[in-house]
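One-letter residues, chain by chain:
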Amino acid sequence: MLSVKALFTEYPNDQGQIVKAAQNVTFDVPEGKLFTLLGPSGCGKTTTLRSIAGLEKPKSGEITVAGRTVYSSAGNVFVQPNQRAFGMVFQSYAIWPHMNVFKNAAFPLEVGSKKYSKKDIEQRVMRVLAAVGLDHLADREATKLSGGQQQRLALARALVMEPKLLLLDEPLSNLDAKLRERMRFELKRMQRELGLTTIYVTHDQSEALALSHEIAVMREGQIIQIGSPRDIYERPNSKFVADFVGLTNFVEATVLAPENNEGGYRVESSLGQLSVVSLEALRPGEQVLISIRPEDVELCENRPDGTNVIHGTVDFKVFLGEYLDFQVKFGDRSLLARVHPSLKTPVGEGIYACLNPEKCIAIRDDVALKKAA
Ligand SMILES: Nc1ncnc2c1ncn2[C@@H]1O[C@H](COP(=O)(O)OP(=O)(O)O)[C@@H](O)[C@H]1O
Ligand SMILES: [Mg+2]
């Protein structure tokens, strides 16, 4: 449905230097899917989105939507933003304060180049207001809506033109934590129900994991990894991705030998010898980092069966309600373990950790940088 190929967008900065905001950005989004650009502030998410919208003129690349080329440097194509007919919601969405809810949602239809009859406008507006759950508030002044309702109104306004593509730039970031979580579910439900092909921009990893069919993790203008939320979380391809998407333990290690034909390796680490998995082929002697998520460090008081069993001492504990964080020392290094609160081992006691080899992910520290070179 949407295809972005080798997109480069640059800006001159105040010092006359060139900021490479989007570099060789390439991805495809199938019809009806929600695709997220995730990364820290300044990594080029907004630039990529604005390039798709036609609000920035890229240096090179190609963008096609539903078979129509809207930008191509090779073909010298640049379709004006208002001719692309995409729906957009930005971080700082503007609600027109002097208009009621209905008028706000109807605005794009009234000012657009296409003329709609009064009845047509009425039907379209009430349909999108119903979709975002605001139909019963159509006559209310927009300023008398709560934050979440204003957010939904901004969405309704983006949807009223029935866009082929919906572009959302951190649309929930102005909301407080509770509301943000609720809106996340509503947004997901609506996107799935209406089957809207959507590009979603956020720096919030939990938002990305919760909403997306696919995620592209960006860093310094480049996409570092593309995958399903589960892939990105369970099979990060670099230290950057493992670190940015959720909490993890990193353990330095040296590769000893392959262990099976499914990407298994034996490594020597600061925790002793471990069995691990790798996405890429590794050579004996290579230095790697092992990423182990806190919820994958299984703790038990009695020695468990299995591989990767190590013995340590409980260093400290933090009670977090639905789970407990244990810091466990193994020699001079420690691991964070996230466990069920039923585990009551006191601080200072010995404890076993069992590390499922499938959850011990070997990462070459230089993957991200290598791709950038
Ligand atoms: N209009 C602009 N002029 C100059 N530099 C810009 C402009 N917009 C963005 N940048 C720079 O481009 C880089 C990427 O910015 P942006 O796409 O806004 O990142 P993100 O949305 O991921 O926070 C940053 O270094 C930013 O400072
Ligand atoms: Mg941004």
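Computed from a prediction, not measured in an experiment: that's the story for all the values here.

J.: Any chance you could break down the overall build of the protein chain for me, citing the residues and the numbers?
T.: From N to C terminus, the protein chain includes 10 helices and 21 strands. By principal-axis analysis of the C-alpha atoms, the protein chain measures approximately 75 × 50 × 40 Å. Partitioning the contacts of the protein chain with sequence separation of at least 6, the portion at a separation of at least 24 is 64%. Just so you have it, the protein chain exposes about 18000 Å², and 49% of that area is on carbon and sulfur atoms. The averaged location of the 45 negative side-chain charges in the protein chain is 7 Å from the averaged location of its 45 positive side-chain charges.

J.: An account of the nonpolar core is requested, with residue identities and associated values reported.
T.: By size, the foremost hydrophobic cluster in this structure holds 37 residues, and its most contacted members are Val125, Leu129, Leu153, Leu155 and Leu159. The dominant element in this core, judged by the number of residues it contributes, is helix α5 (residues 147-159), at six residues. Those residues in contact with leucine 155, other than ones at most four positions away along the chain, are Val89, Leu166, Leu168, Leu187 and Met190. Listed in part, the 29 residues of the second largest apolar core include Val276, Leu282, Ile310 and Val339.

J.: Can you explain helix α4 (residues 118-131)? Please cite residues and give values.
T.: An α-helical turn contains 3.6 residues, so a residue and the one three or four places further along point in the same direction. Between its terminal C-alpha atoms α4 stretches 20 Å, which fits the 20 Å expected from 14 residues at 1.5 Å a residue. Where α4 is concerned, the buried positions are Ile121, Arg124, Val125, Val128 and Leu129. In a view along the axis of α4, the buried residues occupy a sector of 130°, so they form one face of it. Structurally, α4 contributes buried residues whose contacts are with α3 (101-111) and α5. Glycine 133 sits one or two residues past α4 and shows a positive phi near 75°.

J.: Mind laying out the confidence of the model for the protein chain, listing which residues take part and the relevant values?
T.: Looking at the protein chain as a whole, its pLDDT mean stands at 91, while 97% of the residues score no less than 70. Below a pLDDT of 50 lies the segment residues 367-373, which in the model reaches 13 contacts outside its immediate sequence neighbourhood of four places, other chains included.

J.: Mind laying out the site of ligand 1, listing which residues take part and the relevant values?
T.: Residues in close proximity to ligand 1 include Tyr11, Pro12, Val19, Ala21, Pro40, Ser41, Gly42, Cys43, Gly44, Lys45, Thr46 and Thr47, which together make up its full environment. One of the backbone nitrogen or oxygen atoms of glycine 44 is found 3.0 Å away from an oxygen atom of ligand 1. Between an oxygen atom of ligand 1 and a side-chain N or O atom of threonine 47, the distance comes to 2.5 Å. Contact with the protein chains removes 61% of the 560 Å² of surface that ligand 1 exposes when unbound.

J.: Could you give me a rundown of the environment of isoleucine 18, with the residues and numbers involved?
T.: Looking at the element boundaries, isoleucine 18 is found in strand β2 (residues 18-29). Take isoleucine 18: its relative accessible area is 56%, and that puts it in the exposed class. Those residues in contact with isoleucine 18 that lie beyond four places of it in its chain are Glu10 and Tyr11.

J.: Outline the sheet that holds strand β6 (residues 77-78), supporting the account with residue identities and numerical values.
T.: Sheet strands pair by backbone hydrogen bonding; their relative direction is either parallel or antiparallel. Read from one edge of the open sheet, five strands run β2-β1-β4-β5-β6, paired in antiparallel fashion. Two strands lie at the open edges of the sheet, namely β2 and β6, each paired on one side alone. Relative to β6, strand β5 (residues 68-72) runs antiparallel, the two being bridged by two bridges. Paired with tyrosine 71 across the bridge in β6 is phenylalanine 78. The strands touched by helix α1 (residues 45-53) are β1 (2-12), β2 and β4 (60-65); relative to β1, the strand with the most contacts, the crossing angle is about 115°.

J.: Give me the sheet that holds strand β7 (residues 87-89): which residues, what numbers.
T.: Spatial strand order, β7-β8-β9-β3-β10-β11: six strands in an open sheet with mixed pairing. Across the chains shown, the open sheet's two edge strands, defined by having one partner strand only, are β7 and β11 (222-227). Averaged over all adjacent pairs, the angle separating strand axes in this sheet is 15°, with direction ignored. For β7 and strand β8 (residues 166-169), the ladder comprises three bridges, and the chain directions are parallel. Looking at β8, one finds that glycine 87 is bridged to leucine 166. Against the sheet, α1 engages β3 (34-38), β7, β8, β9 (198-202) and β10 (214-219), with an angle of about 155° to β8.

Definitions and cut-offs
Residues numbered from 1 in each chain as written. Chains lettered and ligands numbered in written order. Predicted model: local features only at pLDDT ≥ 70, side-chain atom pairs only at ≥ 80, totals over all residues. Heavy atoms only, no water. Helix = DSSP H or I, 4+ residues; strand = E, 2+ residues; numbered from the N terminus. Contact = heavy atoms within 4.5 Å. Areas by Shrake-Rupley, 256 points an atom, 1.4 Å probe, with all protein chains shown as cover. Lys, Arg positive; Asp, Glu negative; His and termini not counted. Charge placed at Lys NZ, Arg CZ, Asp CG, Glu CD. Core = buried A, V, L, I, M, F, W, Y, C linked by side-chain atoms within 4.5 Å. Buried < 20%, exposed > 50% of the residue type's maximum accessible area, 1.4 Å probe, protein only. Expected span 1.5 Å × (residues − 1). Arc of directions from axis to C-beta. pLDDT = per-residue confidence, 0-100. Near = heavy atom within 4 Å. Polar contact = N/O pair within 3.5 Å; in protein donor to acceptor, adjacent residues only side chain to side chain. Pairing = 2+ DSSP bridges. Axes fitted to C-alpha atoms, helices over the stretch in contact; angles between N-to-C directions.

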